[in-house]
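# Remarks on the overall topology
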Amino acid sequence: MKALFWFFALWASTALAQVHPAPCGTPTPTQLPFPEEIALQKMAAPPPYVFSIFVHILRNDDGSNAAMTDAVLAQNLQRMADFYRPHNICFTFVGRDFIDNTVWNTNYMTSEIGAMHAINPHSDAIDIYVHRDNFQGMGGNAYNIPSVFCSVAAPSSFNFEHEMGHCLGLWHTFETAAGAECPDGSNCATAGDQVCDTPADYGGSDSNNGPGCTHTGTQTINCNGGTFGYAPPTRNIMSYWWFCYSEFTAGQAVRMYNTINATAALQDRFTPQDRVISNATLLGEIAVGAQNSIRIGNIGGTGDVLMTAGAQGICNAGRFVQVEPGTRILPTGTNSVLLTINDLCEGLLFKGPLPVADRRPQTTTPVASGETLEAFPNPFSGRLRVRADLGQAVPTALRLFDLSGRLARELPCPAPAQGRFDETFDLPDLPPGVYLLQLQHSSGRLVCRVVKAE
Ligand SMILES: [Zn+2]
């Protein structure tokens, strides 16, 4: 009998999962944060709050199949920012990179967050990971409430705003970890999502949807001495009515303010008001933002700045970026440093396209010592010479990818003697731009960046 019960319980939950694929895998909260503040609806420090965000785009091992293009990423970040801006929570984009891992891109298990977050994490920005496919039936996961990183699946990109809500302390409107919320509002401050201007909701309410985001369900709950039906918040971003997402409430904003004020790790990710970069040699990643200004150079006689940018860099300020005399910006090879400006809380997150330099590609395939891949001249115009030494390995493919991960050109694969080759390719009709030249071989791959000049 007991076995039969579990069979039906399993069958019922499986059937339910098929009817309602979960938009989000953020776990049930395990503690009740700041109940006294929520009950009093008070704020410790006033907004606006401006957070730096850094985005990691997952790609396959070979750099192909990018989870999202820069253009679509810009749309999603802009939409997220537009939902938060009315509540004086804003975002500074400080950059993005690629993480090349086919499994994490297309068949991600949320238990792998530790390994993934270990690659280029940011102590001064909220990290957002973008995967190609829904993972384990979910379109997003903030891993904890609150959190300083989250994942979003590209086909469920409405979860940018939803997972950020979890990061900043919001629970699902149908959450019952603190007890079920009574639709009469009698326990709204201590049960459900613990926010009083979001009506009581229940798991699966989104399956009872009529035209115009109306709720047609008839489920009732016995509470506070009566029996009540539901009028769930069908347009709320922390519900599962993702197809109707259009708002956070004032009460949710207060909840986020309280969470931010009680969470040092979130405060660490505030974008500073102004930023001075002086007397410094900056190597590798340069990813800084400022709400107002970034001044770079010999400030107050402390010394000049040298940016050697072996990786790509972004300095993104709300008002202006000022480069003092004496500053040297010397990107190596085809790297670059972008000095960009946006309006932050006052307007758009981006002026024009997403200000993305092609940031440091990450690879999970270690390069064997002694292997080399060179391409020159770089930048090139019509002809590109490629030289490689693979030791004992045999080349299997030579390809050019553009920066969104699309295959731009399949080159004839050389058949070298003793692992070395030196070939020249005519590419007069390849459009100008930055490309990744990828040499696949029998035991790994090598990548180098090349630029086709105008
Ligand atoms: Zn969620």
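What counts, and where the lines are drawn
- Chains are numbered independently. Their residues run from 1 in the order of the written sequence.
- Per-residue local features of the predicted model are confined to residues with pLDDT of at least 70, and side-chain atom pairs are confined, for both listing and counting, to 80 or more; whole-chain, interface and lining totals are unaffected and use all residues.
- With hydrogens and water set aside, each side-chain value is computed from the structure's full complement of heavy atoms.
- Helix and strand labels come from DSSP, where a helix needs a run of H or I of at least four residues and a strand needs a run of E of at least two; each type is numbered from the N terminus.
- Under the scheme applied here, a residue whose accessible area is under 20% of the maximum for its type counts as buried, over 50% as exposed, and between as partly exposed, the area being computed with a 1.4 Å probe on protein chains only.
- Should any heavy atoms of two residues lie within 4.5 Å, those residues are counted as being in contact.
- The protein chains shown are the only cover counted for residues, whose accessible areas, like all others here, come from Shrake-Rupley with a 1.4 Å probe.
- Coordination partners: N, O, S within 2.8 Å of the metal, 3.2 Å for Na, K and Ca; water not considered, so apparent gaps in a site are possible.
- We treat two strands as partners when DSSP finds at least two bridges between them.
- Only the six-membered ring of Trp is used, alongside the rings of Phe and Tyr, when aromatic pairs are assigned; centres must lie within 6.5 Å, and planes under 30 degrees apart are stacked while those over 60 apart are edge-to-face, with the rest tilted.
- Should the NZ of a Lys or the CZ of an Arg lie within 6 Å of a ring centre and within 35 degrees of the ring normal, that charge is described as sitting over the ring.
- Confidence scores per residue from the predictor, reported as pLDDT, run from 0 to 100.
- Definition used for salt bridges: Asp or Glu carboxyl oxygen within 4 Å of a side-chain nitrogen of Lys or Arg.
- Note on geometry: axes are C-alpha line fits, over the in-contact stretch for helices, and angles between N-to-C directions span 0 to 180 degrees.
- Here, the term nonpolar core denotes a set of buried Ala, Val, Leu, Ile, Met, Phe, Trp, Tyr and Cys residues that are joined through side-chain atoms within 4.5 Å.

Secondary structure summary: the protein contains eight helices and 26 strands in total. Put simply, the protein has 454 residues, and 52% of those count as buried. Long-range pairs, those at least 24 residues apart, make up 66% of the contacts in the protein with a sequence separation of at least 6. For the protein, the exposed area adds up to about 19,400 Å²; of that, 55% sits on carbon and sulfur atoms.

Our next topic: the coordination of the zinc ion. For the zinc ion, the full set of protein donor atoms is Cys24 (SG), His162 (NE2), His166 (NE2) and His172 (NE2), at a range of 2.0 to 2.2 Å. When the donors of the zinc ion are listed by position in the chain, the intervening gaps give C-x137-H-x3-H-x5-H. Here Cys24 is found in the loop between helix 1 (2–19) and helix 2 (35–40), whereas its partner His166 is found in helix 6 (residues 159–167), with 142 residues between them in sequence. Of the two residues examined, Cys24 and His166, each falls in the buried class.

Taken in spatial order, the three strands line up as 11-14-17 in an open sheet, and their pairing is parallel. Two strands in the sheet have a free side with no partner beyond their single neighbour: strand 11 (280–282) and strand 17 (328–329). One ladder, built from two bridges, connects strand 14 (residues 305–307) with strand 17; its direction is parallel. By the bridge assignment, Leu306 is partnered in strand 17 with Arg328.

Tallied over the full model, the rule gives 13 aromatic pairs. Taking 5.4 Å as the distance between ring centres and 90 degrees as the angle between the ring planes, the aromatic pair formed by Tyr84 and Phe91 counts as edge-to-face. A single burial state applies to Tyr84 and to Phe91, both of which are buried. Between the aromatic rings of Phe158 and Tyr245, the centroid separation amounts to 5.9 Å while the plane-to-plane angle is 80 degrees, which identifies the pairing as edge-to-face. With Phe158 in the loop between strand 5 (149–153) and helix 6 and Tyr245 in the loop between strand 9 (226–229) and helix 7 (250–262), the pair connects residues that are 87 residues apart, well separated along the chain. Under the relative-accessibility criterion, Tyr245 is labelled buried at 10%. What links up through ring pairs into an aromatic cluster is the set Phe158, Trp241, Trp242, Phe243 and Tyr245. Its guanidinium or amino end placed over the ring of Phe98, Arg59 lies 3.7 Å from that ring's centre, counting from NZ or CZ.

Moving on, we get to the confidence of the model for the protein. In the predicted model, the protein carries a mean pLDDT of 83, and the fraction of residues at 70 or more is 85%. Here helix 1 is the element of the protein with the lowest mean pLDDT, 34, and strand 3 (residues 126–131) is the one with the highest, 98. The model gives residues 34–42 a pLDDT under 50, and that stretch makes 16 contacts with residues more than four places away or in other chains.

With that settled, the discussion passes to the pattern of salt bridges. Opposite charge on two side chains permits pairing when their charged atoms draw close. Evaluation of the coordinates by the stated rule reveals twelve salt bridges. With a closest N to O distance of 3.0 Å, Asp70 and Arg96 form a salt bridge. Of this pair, Asp70 sits in helix 3 (residues 70–84) while Arg96 sits in strand 2 (residues 89–100), and the two are 26 residues apart along the sequence. For Arg96, a relative accessible area of 1% translates into the label buried. With a shortest N-O distance of 2.8 Å, Arg79 and Glu161 are connected by a salt bridge. Linking Arg79 in helix 3 with Glu161 in helix 6, this pair joins segments that are 82 residues apart in sequence. Relative accessible area serves as the criterion here: at 28%, Arg79 is assigned to the partly exposed category. Under the relative-accessibility criterion, Glu161 is labelled buried at 1%.

Here we come to the sheet that holds strand 25 (residues 433–441). One open sheet accounts for four strands, arranged 23-22-25-26; its pairing is antiparallel. Each having just a single partner strand, strand 23 (407–411) and strand 26 (444–452) make up the two edges of the open sheet. With strand direction ignored, the average angle separating the axes of adjacent strands in the sheet is 25 degrees. With four bridges connecting them, strand 22 (residues 395–402) and strand 23 associate as antiparallel partners.

Core analysis: the largest hydrophobic core is formed by 60 residues, its most contacted members being Leu77, Tyr84, Ile89, Phe91 and Met164. Looking at which element gives the most residues to this core, the answer is helix 3, with seven residues. Those residues in contact with Leu77 that sit more than four places away from it in its chain are Ile53, Val55, Phe93, Phe160, Leu349, Phe350 and Leu354. Leu373, Phe380, Leu398 and Phe425 belong to the second-largest nonpolar core, a separate cluster that totals 21 residues.

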